[in-house]
Amino acid sequence: MSSSAAAPSSPDRKRQRTHATIVTHDGSFHADEVLACHLLRQLPEFKDAEIVRSRKPEIWATASILVDVGAEYNPALNKYDHHQREFQDTFSPAHKTRLSSAGLIYKHFGKRIIAQLMHVGDGDIENNAQVELVFNKLYDNLIEAFDGIDNGVSRFPRDTPEAYKDATNLSTIVAKLNPFWNEEGLTADGQFRVAMQIVGSHFDRTAKYLATAWVPARQAVLDAVAARHTYHAGGHVIVMPTFVPWKDHLDSIEADLGIAAVAAQLKAPIAENGGAIPDGLPLYVVFPDPAGSWRIQAVPLTPGSFENRKPLASAWRGLRDDNLDKVTGVPGGVFIHASGFIGGHQTKEGAIKLAEMAVNM
């Protein structure tokens, strides 16, 4: 994907346009139409499109596609505005955040953009489970924040869970790129191009990660979870042959496999929960680290929690090297973190052994 953007065009220049045009409003720009324009330029039909910024209806009428202006939502006519009172569309029935132009363009064209990254042909897009997975994940983790902020939706409504994730606050960054009221030498059109480069590069990197790294990682975690009884009869130890970002997948995989219902019964770490360990519940993940040794990490009690289902043994915590080996009886120990959430061993076999011991302690 290219994050480059043609300079927005002044609508007052009189010339014959022989190529596609993306028209949005002029004046102060916002993150949602900046991202919407970048998304469109990832598609073959708009790759070289001129971006025209105007509030003049006669300019709107020349658009190949009209975004964030025009008071009309009509996909058949390539008109994508969300400001009209009657517009209440969301990304899906499960979502509550009303779409901005970013989410609106993404909802209509996002799967094609993702499919290009994943080298999936147009005819296979709608039936491709991995495209669907990335499409939904990318909206939840990135696009919805643009929609929520543009529509004035509080991220933390009173007495309710977080409404949407915002890991970037790109909307604030974009807002600051508008020329100051007394700033000379900068134009809104020129700064719009800068904003497209910043927002576009972040979208491109996030989409590439999900499509080319996150999806393969999910399969690796799924395979390791399925094989967990190979390493521990109770299914409490997961062994990853290679390192992948497993935390981001384990929760949803457990839900798919019915393990989440068992995990949900834990209201506190097992030591505080009567000590009983539900059969098949993963407690530890063993994986290699880049330095060549192996890690053992306790599974969080809930996603993102600093509490764990069963921290590593308190007698091991804070110990390193020979001091750790004397307590565990497993030569080759590297360390156990003082909080018991993670530890290290020089070998895969040693890390698995520590995990097996931790289950029973």
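Model, not experiment: these values are computed from the prediction.

Participant: Break down the pairing of strand E7 (residues 284-288) for me, with residues and values.
Facilitator: On any regular strand, side chains alternate: one points to one face of the sheet, the next to the other face. Judged by how many residues are buried, E7 sits mostly within the fold: five of five residues are covered. Side chains Tyr284, Val286 and Pro288 of E7 all project onto a buried face; the interleaved residues Val285 and Phe287 project onto the opposite face, where all are buried too. Relative to E7, strand E6 (residues 237-239) is paired through three bridges, and the arrangement is parallel. Directly across from Ile238, in E7, lies its bridge partner Val285.

Participant: Which residues make up the nonpolar core, and what values go with them?
Facilitator: Counting 53 residues, the largest nonpolar core has Ile22, Leu40, Ile65, Ile105, Tyr106 and Phe203 as the members making the most contacts within it. Contact partners of Ile22, with chain neighbours within four places excluded, come to Cys37, Leu40, Arg41, Phe46, Ala49, Glu50, Ile51, Val52, Ile65 and Val67.

Participant: Explain the pattern of salt bridges to me, using residue names and the numbers behind them.
Facilitator: Pairing is possible between side chains that carry opposite charge, provided their charged atoms lie close to one another. For the coordinates displayed, the defined rule picks out eleven salt bridges. Note that Lys47 and Asp48 form a salt bridge whose closest N and O atoms lie 4.0 Å from each other. Counted as one network, the salt bridges with shared partners bring together Lys111, Glu126 and Glu132.

Participant: Give me the sheet that holds strand E1 (residues 21-24): which residues, what numbers.
Facilitator: Read from one edge to the other, the open sheet built from five strands follows the order E2-E1-E3-E5-E4, with strand pairing classed as mixed. Here the strands that pair on one side only, and so sit at the sheet edges, are strand E2 (50-53) and strand E4 (73-74). With two bridges connecting them, E4 and strand E5 (residues 79-80) associate as antiparallel partners. Across the sheet, Tyr73 pairs through a bridge with Tyr80, a residue of E5. Against the sheet, helix H1 (residues 31-40) engages E1, E2 and strand E3 (65-67), with an angle of about 170 degrees to E1. On the sheet, helix H6 (residues 188-226) packs against E1 and E2 and is oriented at approximately 130 degrees with respect to E2.

Participant: Run through the packing of H1 against H6, naming residues and quoting values.
Facilitator: Remark: H1 packs on H6, axes separated minimally by 9 Å, with the N-to-C direction vectors making an angle of 65 degrees. Classified by the angle their axes make, H1 and H6 are roughly perpendicular. Of the two possible hands of crossing, H1 and H6 adopt the one that is right-handed. Contact residues: Glu33, Val34, Leu35, Cys37, His38 and Leu39 in H1; Phe192, Ala195, Met196, Val199, Gly200, Phe203 and Asp204 in H6.

Participant: For the side chain of His345, give the residues involved together with the corresponding values.
Facilitator: When you line up the elements, His345 lands in strand E10 (residues 342-345). In terms of polar contacts, His345 uses its side chain to reach the backbone amide nitrogen of Thr347, at 3.1 Å. Those residues in contact with His345 that lie beyond four places of it in its chain are Ser293, Trp294, Val330, Pro331, Gly332, Gly333, Val334, Gly350, Ala351 and Leu354.

Participant: Before we move on, could you go through the packing of helix H4 (residues 129-150) against H6 and cite the residues and values that matter?
Facilitator: The angle between the axes and the distance between the axes are what describe a pair of packed helices. It is the contact of H4 with H6, at a shortest axis distance of 10 Å, that shows an interaxial angle of 140 degrees. The interaxial crossing formed by H4 with H6 has right-handed handedness. On the side of H4, the interface is formed by Gln130, Leu133, Val134, Lys137, Leu138, Leu142, Ile143 and Phe146, while H6 contributes Val199, His202, Phe203, Thr206, Ala207, Leu210, Ala211, Trp214, Val215 and Arg218. Looking at the contact of H4 with H6 residue by residue, the class counts come to 13 nonpolar, three polar and two charged.

Participant: Describe the sheet that holds E6, listing the residues and the values that go with them.
Facilitator: If you trace the five strands from one edge of the open sheet to the other, you get E6-E7-E8-E10-E9, paired in mixed fashion. Each edge of the open sheet carries a strand with a single partner, namely E6 and strand E9 (333-336). Looking at each pair of strands side by side, their axes are set apart by 20 degrees on average, direction ignored. Relative to E10, E9 runs antiparallel, the two sharing three bridges. If you follow Phe335 over to E10, its bridge partner there is Gly344.

Participant: Residue-level account of helix H10 (residues 348-360), with values.
Facilitator: Between its first and last C-alpha, H10 extends 19 Å over 13 residues, near the 18 Å set by a 1.5 Å rise per residue. Three or more residues of H10 are buried, namely Gly350, Ala351, Ile352, Leu354, Ala355, Ala358 and Val359. The inward-facing, buried residues of H10 contact E6, E7, strand E8 (294-298), helix H9 (321-328) and E10.

About the thresholds
- Residues numbered from 1 in each chain as written.
- Predicted model: local features only at pLDDT ≥ 70, side-chain atom pairs only at ≥ 80, totals over all residues.
- Heavy atoms only, no water.
- Buried < 20%, exposed > 50% of the residue type's maximum accessible area, 1.4 Å probe, protein only.
- Helix = DSSP H or I, 4+ residues; strand = E, 2+ residues; numbered from the N terminus.
- Pairing = 2+ DSSP bridges.
- Core = buried A, V, L, I, M, F, W, Y, C linked by side-chain atoms within 4.5 Å.
- Contact = heavy atoms within 4.5 Å.
- Salt bridge = Lys/Arg side-chain N within 4 Å of Asp/Glu carboxyl O.
- Axes fitted to C-alpha atoms, helices over the stretch in contact; angles between N-to-C directions.
- Parallel < 35°, antiparallel > 145°, perpendicular 65-115°, else oblique.
- Left-handed = near helix turned anticlockwise from the far one by under 90°.
- Polar contact = N/O pair within 3.5 Å; in protein donor to acceptor, adjacent residues only side chain to side chain.
- Nonpolar A, V, L, I, M, F, W, Y, C, P; charged D, E, K, R; others polar.
- Expected span 1.5 Å × (residues − 1).

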